[in-house]
Each structure stands twice: as C-alpha cells, then as structure tokens.
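# Results of the structural survey
Chain by chain, the residues run as shown.
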Amino acid sequence: MDIAKNLEILKTDLPDSVKLVAVTKTHPEDLIMQLYHAGHKIMGENKVQELAGKYHNLPKDIQWHMIGHLQSNKVKYIAPFVSLIHSVDSAGLLETINKEAIKNNRVIDCLLQLRIAREETKYGLQYEDITAILQSQLFHKLNNIKILGLMGMATFTDDTDIVREEFNYLAMCFWKLKGQYFTEKPYFCELSMGMSDDYKLAVEAGSTIVRIGSLIFGERNYK
Ligand SMILES: *Cc1c(COP(=O)(O)O)cnc(C)c1O
C-alpha cells in the first residue's frame with residue numbers, strides 16, 4: 001500500500017475547491033503518519049474514543065474531523081480540539097456542543113447531517129427537522145457553534161442513479177437553506193458528501209468536502 005501515491009492520485013482527480021478528509025478509522029498510527037509525511041493533515045474518525053486517542057498521540061497540527069454518530073455525553077472528550085463535527089443530528093446535540101465549546105472558550109464548527117439514504121440505519125435529520133432547528137429560539141442563543149453546511153451519506157448501492165439523485169437532493173437542500181437562513185453568512189458554504197465508492201458522483205453534484213478512507217489506506221480490518 002503506497003499511501004503517498006494513493007494521495008497523489010486522489011488529489012490529481014479532485015478539483016482544487018474540494019477538500020479531502022482522510023478517514024483513518026481502524027488504521028494504525030504509523031499508517032496515518034505516512035499520510036502526514038506526504039503532506040496531508042486533515043483526518044476524520046467516526047468514534048470518539050479512537051479520535052481522542054489518535055489526537056493525543058499524533059502531531060498537533062493535524063485537523064481532526066468527527067464524521068460518525070456522536071452521543072451527547074461524549075462531546076466533552078473531543079470539544080477541546082475537534083476541528084469540524086460533520087454529524088450533528090439533533091437540536092440537543094447542538095446544545096451540548098455549544099455548552100462544551102463555551103467551557104473550552106472556543107467556537108466549534110459543525111455540519112448538520114441530512115438523512116438522504118433509503119437505508120433505515122443511517123443517522124440524520126429530515127429537511128423539516130433542520131428548518132425547525134434553524135427557526136427555534138434556542139438556536140439563536142448558541143453563540144459557540146457555527147453551522148458551516150450540510151453532510152450526508154448516500155445509499156450503499158451500485159445503482160448510480162439512486163446515489164446521484166440523493167446527492168442532488170442534498171445539494172438542493174443546501175442551496176435552499178442557504179437562501180432562507182444564511183444569506184448574510186458566507187461561512188455557510190460546505191457540503192460534505194462523497195466516500196471512496198461515490199466521490200466522483202458527489203463532486204459532480206457540488207460536494208466541497210469528500211471523506212475518503214479505503215482509496216487511501218486500503219480495506220479496513222475491523223478485528
Ligand atoms: C468510513 C466512513 C467514510 C469513508 O469510507 P470509505 O468507503 O473507506 O472511503 C466516510 N464517511 C463516513 C461517515 C464514514 O464512517
């Protein structure tokens with residue numbers, strides 16, 4: 001596995017405007033360091049414990065993104081350092097993130113996760129849940145979180161029509177929310193969609209952040 005070469009190939013393929021989050025879950029720290037030495041410093045993890053452990057052991061100029069389902073009682077472990085939380089899926093979680101951000105005297109950047117896949121298992125909000133949050137009184141009191149955009153995961157399928165349709169729906173929701181709730185807020189500009197198998201479709205649909213693991217590090221071993 002030539003990690004530097006995989007990174008090079010991927011970067012050649014991605015437009016300059018699209019940011020790459022290298023998904024390091026299950027991979028050992030020496031492999032992550034190979035990527036780091038190849039010049040890549042934006043990493044993503046989907047579990048709090050693994051994220052916090054790797055943060056503590058690895059160089060502090062790595063930007064760590066939380067991309068997996070996040071429980072409110074675990075926010076405190078990542079609040080001091082997390083650079084972007086992709087997976088905010090409730091008003092309560094947003095409130096907790098704000099509280100922990102205050103304790104750490106910082107503003108934490110977040111994305112709202114929209115459920116676009118047909119699978120029951122995927123987390124995320126419905127469009128109406130998002131508008132309800134953005135209209136709520138509570139939301140306007142949360143001064144230590146910043147919503148930078150939306151995140152979504154497409155259905156796990158070979159049917160590219162379904163995946164394309166889901167990404168297009170996510171992009172449409174993004175533009176609608178931007179026009180209605182974020183007109184004076186240029187920082188609402190991120191659309192996190194696309195993984196190893198579907199990032200090309202995601203980029204075509206307007207992705208600004210892709211989250212890629214297998215194409216960089218190879219298959220994951222969950223044992
Ligand atoms: C694991 C994971 C990815 C990356 O998956 P690959 O198929 O290995 O690229 C992206 N996003 C989330 C939320 C993940 O959990």
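A few points on the structure. (Residues numbered from 1 in each chain as written. Predicted model: local features only at pLDDT ≥ 70, side-chain atom pairs only at ≥ 80, totals over all residues. Heavy atoms only, no water.)

## A few points about the site of the ligand
In the neighbourhood of the ligand, the contacting residues comprise Val-23, Lys-25, Asn-46, Ile-67, Met-153, Met-195, Ser-196, Arg-211, Ile-212, Gly-213, Ser-214 and Arg-220. Here an oxygen atom of the ligand and a backbone polar atom of Gly-213 are 2.9 Å apart. With respect to the ligand, the side chain of Arg-220 contributes an N or O atom lying 2.7 Å from an oxygen atom. Contact with the protein chains covers 93% of the free accessible surface of the ligand, which is 390 Å². According to the grid-proximity analysis, the pocket containing the ligand is the largest pocket. (Near = heavy atom within 4 Å. Polar contact = N/O pair within 3.5 Å; in protein donor to acceptor, adjacent residues only side chain to side chain. Areas by Shrake-Rupley, 256 points an atom, 1.4 Å probe, with all protein chains shown as cover. 1 Å grid on protein atoms, 1.4 Å probe; cavity = no way out; pocket = protein on both sides within 12 Å on 5 of 7 lines; lining within 4 Å. Sits in = over half its atoms within 2 Å of the grid points.)

## So, unusual backbone geometry
The backbone of Thr-26 sits at a positive phi, close to 70°, despite the residue not being glycine. Tracing the backbone shows Thr-26 in the loop between strand 1 (19-23) and helix 2 (29-37). Although it is not a glycine, Asn-105 sits at a positive phi angle of roughly 55°. In this fold, Asn-105 is placed in the loop between helix 5 (91-103) and strand 5 (108-113). (Helix = DSSP H or I, 4+ residues; strand = E, 2+ residues; numbered from the N terminus.)

## What to know about the layout of surface pockets
When its volume is computed, the largest pocket comes out at roughly 1200 Å³. Along its surface, the largest pocket is lined by 39 residues, and Lys-25, Asn-46, Met-153, Met-195 and Arg-220 are the ones closest to its centre. Those elements giving two or more residues to the lining of the largest pocket turn out to be helix 3 (48-57) and helix 7 (160-181). If you tally residues by element for the lining of the largest pocket, the top one is helix 3, at 3 residues. Each pocket or cavity is described by its volume, and for the second largest pocket that value is around 230 Å³. Leu-134, Phe-139, His-140, Leu-142, Asn-143, Ile-145, Lys-146, Ile-147, Tyr-181, Phe-182, Lys-185 and Tyr-187 are the residues that line the second largest pocket. At 3 residues, the largest contribution of residues to the lining of the second largest pocket is made by strand 6 (residues 145-151). In terms of residue class, the lining of the second largest pocket is made up of 8 nonpolar, 2 polar and 2 charged. (Points joined across faces, edges and corners; volume = space filled by probe spheres on them. Nonpolar A, V, L, I, M, F, W, Y, C, P; charged D, E, K, R; others polar.)

Such coordinate-based values are descriptive only and should not be taken to indicate function.
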